[in-house]
Amino acid sequence: MGEEIKKGLMGVTVDETAVSKVMPEINSLTYRGYAAQDLCAECKFEEVAYLILNGELPNKKQLKKFEKQENKERKISKILVDAIKKIPKKAHPMDVARTVVSIMGLEDKETRDNSPEANMRKVMRIFAKTPVALAAFYRSRKGKKIIPPKSNLSFSENFFHMCFGKVPNKDIVKAFDVSLILYAEHSFNVSTFTARTITSSLSDIHGAITGAIASLKGPLHGGANEEVMHMMNKIKKPENALKWINNALDNKDVVMGFGHRVYKSGDSRVPTMREYFGKVAKIKKDKKFEKIYDIVEKVMIERKDIHPNVDYPTGPTYHLMGFDTDFFTPIFVISRITGWSAHIIEQHAANKLIRPLAAYNGSKHRQVTSLSKR
Ligand code: CMC
């Protein structure tokens, strides 16, 4: 009789958090008690980043100070720029994200200081510099000139500016901002749990975020937004969608952008992101992906009762905004840095080494024979 094994820690509560919760009574993801979709309606991303990190929404003065700090930290070092220029052009941008945060850890004078004050200062640096470093790679791998950040632009505007050299119209920026708000935090998902596990050995925030990025890359987690786009590109046109999805389900394929460990009857972030996907499609005068989206979703619900998760609408939205597909998950990173950081700070404040047990199913004890006798 072995111990009971909870594969994937399914249904296991491992610690407490005050950062976020999917509240069943309102059927919604909440950050610090606020429904994510309400935050999308009322706030810009910087306000939500402040909320996640500090526990309360900022007033005007606090927001100004936060934005000023973020602005001040945007510049990246020459060492980092040189490294980005030398990275193989075919490297996956998620591996670049992991590497640039790791390099920032080498450069940061406070890397080993895990006090709450030092952690918050480091968070601001990682939060401000990571998008700058990623946009630099976005340009350098295409042989284009790196565009430095602009201090009079918001977090989202600046990312467009650094990637494309221009800021799109305000509705596109708002849709991007909304996607960042929806991606910012989601309790003990695999990347956040990875960050907390790394932190639990009293390691540092750069290491924890580097590990979290590696975890987010996987297609069962953040990598799903890229996979959704690959799927839509395979489907090509709405006329093919019905046959494609029915075949996929007949073959028992996993359809990316659907299903969730926590939500079993629909991800509360989807309606908001779906609305903004529609707005972007309208502005771009391209309804093809929306049509494919609706057909695949309908069949998934009818045949499997499996609903889309937030990666399903973000994938085609980022595509319509003009981003390369392999940059979709790095966009998730620049937002989720806020959630990871809040959890890392929380873990440091009430730490217990994370060290589960395993049920051993290997060989019985045996004698070692010397190499000459094997
Ligand atoms: N396509 C087809 N079947 C699915 C899917 C899907 N996307 N998701 C779940 N199922 C089926 C699964 O095959 C299983 O069926 P059965 O009981 O017959 O074996 C059943 O539903 C339960 O699924 P599960 O994989 O055991 O559930 P889980 O909680 O371990 O997995 C998941 C959750 C997100 C890994 C899974 O739904 C999945 O692989 N989805 C596709 C990848 C994806 O979109 N990931 C993004 C997750 S949310 C946002 C984020 O983190 O970025």
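Residues numbered from 1 in each chain as written. Predicted model: local features only at pLDDT ≥ 70, side-chain atom pairs only at ≥ 80, totals over all residues. Heavy atoms only, no water.

1. Structural notes on the site of the ligand
Around the ligand sit 21 residues, and of these His-221, Val-255, Phe-258, Arg-261 and Asp-311 come closest. Contact between the ligand and His-221: an oxygen atom at 2.7 Å from a side-chain N or O atom of the residue. A distance of 2.8 Å separates a nitrogen atom of the ligand from a polar atom in the backbone of Phe-258. Alone, the ligand offers 930 Å² of accessible surface; in the complex the protein occludes 66% of this. For the shell around the ligand, a count of residues per class yields ten nonpolar, six polar and five charged. (Near = heavy atom within 4 Å. Polar contact = N/O pair within 3.5 Å; in protein donor to acceptor, adjacent residues only side chain to side chain. Areas by Shrake-Rupley, 256 points an atom, 1.4 Å probe, with all protein chains shown as cover. Nonpolar A, V, L, I, M, F, W, Y, C, P; charged D, E, K, R; others polar.)

2. Brief notes about the packing of aromatic side chains
Across all of its chains, the model carries 23 aromatic pairs by this definition. Considering the side-chain rings of Tyr-138 and Phe-323, the 6.3 Å spacing of their centres and the 75° angle between planes classify their relative orientation as edge-to-face. Here Tyr-138 is found in helix α6 (residues 116–140), whereas its partner Phe-323 is found in the loop between α15 (311–321) and α16 (328–349), with 185 residues between them in sequence. Comparing Tyr-138 with Phe-323 shows no difference in burial state: the two are buried. If you follow Lys-142 out to its NZ or CZ, it ends over the ring of Tyr-138, 4.7 Å from the centre. Residue placement shows Lys-279 over the ring face of Tyr-276; its charged tip is 4.5 Å from the ring centre. (Phe/Tyr/Trp six-rings, centres within 6.5 Å; stacked < 30°, edge-to-face > 60°. Helix = DSSP H or I, 4+ residues; strand = E, 2+ residues; numbered from the N terminus. Buried < 20%, exposed > 50% of the residue type's maximum accessible area, 1.4 Å probe, protein only. Lys NZ or Arg CZ within 6 Å of the ring centre and 35° of its normal.)

3. Quick notes on a nonpolar patch on the surface
Side chains of Leu-9, Val-12 and Val-14 sit close together on the surface and give an oily, nonpolar patch of about 210 Å² of accessible area. Within the element layout of this structure, Leu-9 appears in the segment before β1 (20–23). (Patch = residues over 30% accessible without salt bridge, like charges linked within 9 Å, V, L, I, M, F, W, Y side chains within 5 Å. Salt bridge = Lys/Arg side-chain N within 4 Å of Asp/Glu carboxyl O.)

4. A word on the environment of Leu-29
Summarising the element assignment, Leu-29 is placed in strand β2 (residues 28–31). A relative accessible area of 1% places Leu-29 in the buried class. In the structure, Leu-29 is positioned 239 residues away from Ser-268 in sequence and 6.3 Å away in space, judged by C-alpha atoms.

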